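Structural description and commentary
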Amino acid sequence: MVTQVSGSYADLYTWDNLYTAYRKAARGKRSRPAAAGFEYHLEENLFTLQAELAAESYRPGPYTSFTVHEPKRRLISAATFRDRVVHHALCNLIEPAFERSFIEHTYANRVGKGTHRALNTCQRWAQHYRYVLQCDIKQFFPSIDHTILQRILNRRIQDGAIRRLIKQILESGVGVLSEEYELVYFPGDNLLAATHPRGLPIGNLTSQFWANCYLNEFDHFVNRELGCAAYQRYVDDFLLFADDKATLHAWRAALIDRLARLRLTIHEGKAQVSPTTQGIPFLGFVVYPHHRQLRGRKGLAYRRRLRHLLADYSAGKAKRDEIDHSVRGWLNHVRYADSWGLRRTLLQEVRL
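Residues numbered from 1 in each chain as written. Predicted model: local features only at pLDDT ≥ 70, side-chain atom pairs only at ≥ 80, totals over all residues. Heavy atoms only, no water.

**Section: the environment of Thr80**
- Turning to its location among the elements, Thr80 is positioned in the loop between strand E2 (74-78) and helix H5 (81-99).
- With 45 residues separating them along the chain, Thr80 and Ala35 place their C-alpha atoms 9.4 Å apart.
- Residue contacts for Thr80: discarding those within four places in its chain leaves Gly61 and Pro62. (Helix = DSSP H or I, 4+ residues; strand = E, 2+ residues; numbered from the N terminus. Contact = heavy atoms within 4.5 Å.)

Right, dumping it as structure tokens:
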């Protein structure tokens, strides 16, 4: 039986929910101009947002887009701060019904999961299985089809006003990633396929959550119909483990066919079966059955970023606390690999 969202649209714009949403949106960002400006007139801004949501007159604002290049080139589209408050308020309401349906081993953007638990699972399975099939989806966020996504969401959301708000948020992102998408035609398509509304702005909380919703049925297909017990996913990267190559090759063909129903494709050239002893490049690390290494380019990328931060500090453009926070965060991340030498070198470089 499909678990339905229990709250109503009126629950979304209660003061408690909006204030909680503001707190989540501002976490770690209170010193930034957008968050600080919203907080300066906090009650007024929340009351205005509450009134707009109650009257269904709320309209999302424009996105601010910028490009990042690590670990790979991506266009990030940031919603306005008030829109991020609405995104949190919406997810507070609808996420629990979907969360209960997610498989155990999908690790991105979920409380109690994350990168390091995903790496632990990957290594544990590398110790127990001989082979791995590693796949990633081409142009994942730009490819997400709005009609399919709304159908998935509507199975658990019966409230018409919540559905209309979701449609508004989706429509606000149409075209944001259009230059990132290379049109793919699937069996049965006609020329109108090019006009399908698609794409979720990378950077929205809703986009991260809806990405898990979009692939949830696929996750269950791999577990239940293919019978792969050792399957894990992190956003659009996923691994299937088995003890024989033939099984993994058969699964590869089946999952390509299944993803086509979602109008998604994988990088087929990279989706190869390989021995787990060879090392699995995953989430910035190379995972072996009994040890891990940080991928070389990840270390170089951080050292380059740190040099820029130290130069800003010398020029009076950055504070010591910013450097401390950055270094501590990175060291905490890479300690999950055999990286003592790299950490020691970095600490020697960062002495102020």
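**Some remarks on the nonpolar core**
- Counting 92 residues, the largest nonpolar core has Ile94, Phe140, Trp210, Phe218, Phe238, Leu240 and Leu259 as its most contacted members.
- Aside from chain neighbours lying at most four places away, what touches Leu240 is Tyr131, Val132, Leu133, Val222, Cys228, Ala230, Tyr231, Leu248, Trp251 and Leu255. (Core = buried A, V, L, I, M, F, W, Y, C linked by side-chain atoms within 4.5 Å. Buried < 20%, exposed > 50% of the residue type's maximum accessible area, 1.4 Å probe, protein only.)

**Topic: the sheet that holds strand E6 (residues 273-275)**
- Strand order in this open sheet of four strands is E4-E5-E3-E6, and the pairing throughout is antiparallel. A single partner strand is all that each edge strand has here, and the edge strands are strand E4 (231-234) and E6. Taken over all neighbouring pairs, the strand axes of this sheet differ in orientation by 25° on average, direction set aside.
- Where strand E3 (residues 131-136) and strand E5 (residues 237-242) come together, six bridges link them in antiparallel fashion. Paired with Leu133 across the two strands is Leu240, which belongs to E5.
- Lying on the sheet, helix H6 (residues 115-128) is in contact with E4 and E5; it crosses E4 at an angle near 155°.
- Along the sheet, helix H11 (residues 245-260) makes contact with E3, E5 and E6, crossing E5 at roughly 145°. (Pairing = 2+ DSSP bridges. Axes fitted to C-alpha atoms, helices over the stretch in contact; angles between N-to-C directions.)

**With respect to the sheet that holds strand E8 (residues 285-287)**
- Strand order in this open sheet of three strands is E7-E8-E9, and the pairing throughout is antiparallel. Strands with a single pairing partner mark the edges of an open sheet, and in this sheet they are strand E7 (280-282) and strand E9 (292-294). Mean inter-strand twist for the sheet, computed between neighbouring axes without regard to direction, equals 25°.
- By the bridge criterion, three bridges tie E8 to E9 in an arrangement that is antiparallel. Paired with Val286 across the strands is Gln293, a residue of E9.

**Observations regarding helix H4 (residues 42-55)**
- With 14 residues, H4 extends 20 Å from end C-alpha to end C-alpha; this agrees with the ideal 20 Å at 1.5 Å per step.
- Buried within H4 are the following residues: Leu42, Leu46, Leu49, Gln50 and Leu53. Taken down its axis, H4 places every buried residue within 105° of arc, on the same side. Looking at H4, the residues exposed on the side facing more than 90 degrees away from the buried face are Glu44 and Ala55.
- Buried residues along H4 sit against helix H1 (9-12), helix H2 (15-26), helix H3 (33-40), H5 and helix H9 (160-172).
- Where H4 terminates, the next one or two residues include Glu56, which has phi positive at roughly 55°. (Expected span 1.5 Å × (residues − 1). Arc of directions from axis to C-beta.)

**Regarding the packing of aromatic side chains**
- The tally for this structure, following the rule as stated, stands at 14 aromatic pairs.
- Here the aromatic rings of Tyr22 and Phe38 are separated by 6.1 Å at their centres, their planes lie at 20°, and the arrangement is stacked. Taken together, the residues Tyr22 in helix H2 and Phe38 in helix H3 connect sequence positions 16 residues apart. Here Tyr22 and Phe38 have matching classes, each one buried.
- Through successive ring pairs, a cluster of aromatic residues spans Tyr19, Tyr22, Phe38 and Phe81. (Phe/Tyr/Trp six-rings, centres within 6.5 Å; stacked < 30°, edge-to-face > 60°.)

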